[in-house]
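The chain contents come next:
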Amino acid sequence: MYLSIELQSFGVYILTTLYRDSESATSAGLKYFLLGSLSSCIILLGSGLVYTYTGLTNLESIYNLITVSENTSILQGLSLGIVFIIVGYLFKVSAAPLHNWAPDVYNDSPTIVTIWLTIMPKISILIFLLEIQSQIGNSLITIFSLSLKNLLLISSLLSLLIGTIVGLAQSKIKRLLAYSTISHIGFILLALAINTEQSIDSFLFYIIQYSITNLNTFLILIALGYVLKNNSQSILDSFQDIKYITELKGLFFNNPLLSLSLTICLFSMAGVPPLLGFFSKQFVLYSAMQSEYYFIGIIAIIVSVISASYYLKIIKVLHSESKEIVEIVEIVEETETQSSLSSLHSFMISTLTLFILLFILKPSILLNSTQLLALSLFYY
């Protein structure tokens, strides 16, 4: 498991430095590599502790040992090793308080690489955390004070607070989305920490929703980059990233379809009904309240309302008029043939946007799948 996730990380390290002539991209790649190596060392330290106390590296064998062993020292050493492994992986998914690298790396990386940073590594690591939590999370609670559940709950609470509060002060679009990601990780970890059939169902559903919405948001930002800086047809020829939120000013009047698609994605992230993001947050909060996690559930509701303000800030900028609108429209019309999107790019944006918007019409397809996956973990 460690080697497979590290091989995936190596690919992302290389992608981050894709623009070798860019100082910011090289800096982001180096920072990501060094801090990723630090988290890998923490994971290896935890793995070493697990092997020292148990002599095992196979997950199934470790699960069996926990169920039959009565040796307190072995179980405590195993718990400590598992905690180090979890901390290392929380570092990689940019969960608070181990999140400081994420905003800088996301902001300095090319947007097309940031898509991979925000989605692919997180999915694999979160599924691995689900494996550990569903198998041995409950056993560790009684034998080690810093249990896996408490660790996830603390990280979830800090992620919700930091991702929301610090995100309010951001003026750069990708830094804001980085803190938005940290806040979403807080919801995901909350569902994971509860560890019931319903919470795991909401955990899987939230991961799918998060991946779809983030993918569509960054694809739209790349497309809007063509509208603003249409100097070349190839995305690798020059930087076409949108850095600041103010660069989006008045784009609704130039390209209403892309602007409306971005607005739908942002509303979904904010949890506005009847979009896809609303249902994911509702399921997590409902499972938290049903399992009597009232304090963190109320905190999650409050930060969800507060975080809607910085999504609304982007939407306000998108739809606000500017004196430069007429000039930009003329430029866009002159270079329309140069800045046209590929058919695949347009198809992906339109498909994902419609899925987010029209999910409420046929929710059973996705909900049945996540429910079956959750039940298979508890009744296999």
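Residue positions are given per chain, counted from 1 along the sequence in the order it is written. Given that this is a predicted model, residues contribute local features only at a pLDDT of at least 70 and side-chain atom pairs are listed and counted only at 80 or more, while totals for whole chains, interfaces and linings are drawn from all residues. Heavy atoms from the whole structure form the basis of all side-chain values; hydrogens and water molecules are not counted.

S.K.: Mind showing me how you'd approach helix α4 (residues 72-92) here?
M.R.: One turn of the α-helix equals 3.6 residues, which is why residues spaced by three or four share an orientation. Each helix is a run of DSSP H or I of at least 4 residues and each strand a run of E of at least 2, with the numbering of both proceeding from the N terminus. For a helix, the expected span equals 1.5 Å multiplied by the number of residues minus one. In a regular helix each residue adds 1.5 Å, so 21 residues correspond to 30 Å; α4 covers 30 Å between its end C-alpha atoms and thus fits that length. Backbone geometry just after α4 places S94 at a positive phi near 60°.

S.K.: Before we go on, may I ask you to explain the environment of H184 in this structure?
M.R.: Along the chain, the position of H184 falls in helix α8 (residues 173-194). Non-local contacts of H184, meaning those with residues more than four positions away in its chain, are made with Y206, Y210, M269, K281 and Y311. Contacts: residue pairs with any heavy atoms within 4.5 Å of one another.

S.K.: Is there a simple way to think about the packing of α8 against helix α13 (residues 294-319) in this case?
M.R.: Each packed pair of helices is defined by two parameters, the angle between the axes and the distance between the axes. Axis definition: a line fitted to C-alpha atoms, over the contacting stretch in the case of helices. Angles run 0 to 180 degrees between N-to-C directions. Close contact between α8 and α13 brings their axes to 11 Å; oriented N to C, the two are set at 160°. When the interaxial angle is binned, α8 and α13 end up roughly antiparallel. Handedness of the α8/α13 crossing: left-handed. Along the contact surface, α8 presents I173, L176, Y179, S180, S183, H184, F187 and L190, while α13 presents I296, A300, S304, Y310, Y311, K313 and I314. Under the grouping applied here, Gly and all other residues not named as nonpolar or charged are polar, the nonpolar ones being Ala, Val, Leu, Ile, Met, Phe, Trp, Tyr, Cys and Pro and the charged ones Asp, Glu, Lys and Arg. Considering only residue class, the contact of α8 with α13 consists of 10 nonpolar, 4 polar and 1 charged. Oblique is the label for any angle not covered by the other classes, which are roughly parallel (under 35 degrees), roughly antiparallel (over 145) and roughly perpendicular (65 to 115). Helix crossings fall into two classes, left-handed where the near helix is turned counterclockwise from the far one by less than a right angle and right-handed where it is turned clockwise.

S.K.: What am I meant to see in empty space enclosed by the protein here?
M.R.: If a probe the size of a water molecule is rolled over the atoms, the empty space left behind becomes visible. In this analysis the probe radius is 1.4 Å and the grid spacing 1 Å, with only protein atoms considered; a cavity is a set of points the probe fits into but cannot get out of, a pocket is an open set with protein on both sides within 12 Å along at least five of seven lines, and lining residues have an atom within 4 Å of a point. Grid points are joined across faces, edges and corners, and a volume is the space filled by probe spheres set on the points. Within this structure, the stated rule accounts for 2 cavities of 30 Å³ or more. Size it by volume and the largest cavity reaches roughly 70 Å³. Lining the largest cavity, in full, are S9, Y13, Y32, L35, G36, S39, F91, K92, W101, P121 and I125. Secondary structure elements with two or more residues in the lining of the largest cavity: α1 (2-16), α2 (23-54), α4 and α6 (111-141). The leading source of residues in the lining of the largest cavity is α2, at 4 residues.

S.K.: Looking at this model, I keep getting lost on the nonpolar core. Mind explaining?
M.R.: Note on soluble globular proteins: their nonpolar side chains tend to be buried together. Nine residue types can take part in a nonpolar core, namely buried Ala, Val, Leu, Ile, Met, Phe, Trp, Tyr and Cys, and a core is a set of them joined through side-chain atoms within 4.5 Å. Per-residue accessibility, obtained with a 1.4 Å probe over protein chains only, is compared with the maximum for each type, and a residue is labelled buried under 20%, exposed over 50%, and partly exposed between these values. Counting residues in hydrophobic clusters, the biggest one holds 50 residues, and the most contacted among them are I86, L90 and F203. Looking at this core, the element that brings in the most residues is α8, giving 9 residues. Sequence-distant contacts of L90, that is, excluding residues within four places in its chain, are made with A95, L98, L129, L151, L152, S155 and L189. Within the second largest apolar cluster, 42 residues are counted, among which are L219, L221, L224 and I242.

S.K.: Which parts of the structure should I look at to understand the pattern of salt bridges?
M.R.: Charged atoms that come close allow side chains of opposite charge to pair. For salt bridges, the criterion is a side-chain nitrogen of Lys or Arg within 4 Å of an Asp or Glu carboxyl oxygen. Applying the stated criterion to the full structure yields 3 salt bridges. For K92, the salt bridge goes to E6, with nearest N and O atoms at 3.1 Å. Here E6 lies in helix α1 and K92 lies in helix α4, a separation of 86 residues in the sequence. A residue is classified by how much of its surface remains accessible, and E6, at 6% relative accessible area, is buried. Between D104 and R175 there is a salt bridge, with its nearest N and O atoms 2.6 Å apart. Highlighted residues: D104 in helix α5 (residues 101-108) and R175 in helix α8, separated in sequence by 71 residues.

S.K.: In this structure, what is going on with the layout of surface pockets? I would like to understand it.
M.R.: Of the pockets and cavities examined, the largest pocket occupies roughly 360 Å³. Around the largest pocket, the lining is made up of 19 residues, and of these S47, T57, L59, I62 and I85 lie nearest the centre. Elements with a contribution of two residues or more to the lining of the largest pocket: α2, α3 (59-68), α4 and α6. Its residues placed into classes, the lining of the largest pocket shows 16 nonpolar, 3 polar and no charged.

S.K.: Before we go on, may I ask you to explain helix α9 (residues 197-228) in this structure?
M.R.: Its 32 residues give α9 an end-to-end C-alpha distance of 47 Å, which sits within 8% of 46 Å, the value for a rise of 1.5 Å per residue. Of all 32 residues in α9, 27 are buried, a share of seventy percent or more.

S.K.: Would you mind showing me how to read the side chain of K122 here?
M.R.: Mapping K122 onto the fold places it in helix α6. By the counting rule applied here, Lys and Arg register as positive and Asp and Glu as negative, while His and the ends of each chain are not counted. Summary of buried charges: K122 has no salt-bridge partner, and the nearest side chain of opposite charge, E6, is 14 Å away. At 2.6 Å, the side chain of K122 forms a polar contact with the side chain of Y106. Dropping the residues within four chain positions of it, K122 is found in contact with V93, S94, Y106, L117, T181, I185 and Y210. Polar contacts, as counted here, are pairs of nitrogen or oxygen atoms within 3.5 Å of one another; within protein the pair requires one atom able to donate a hydrogen and one able to accept it, and residues that are adjacent in sequence qualify only if both atoms are side-chain atoms.

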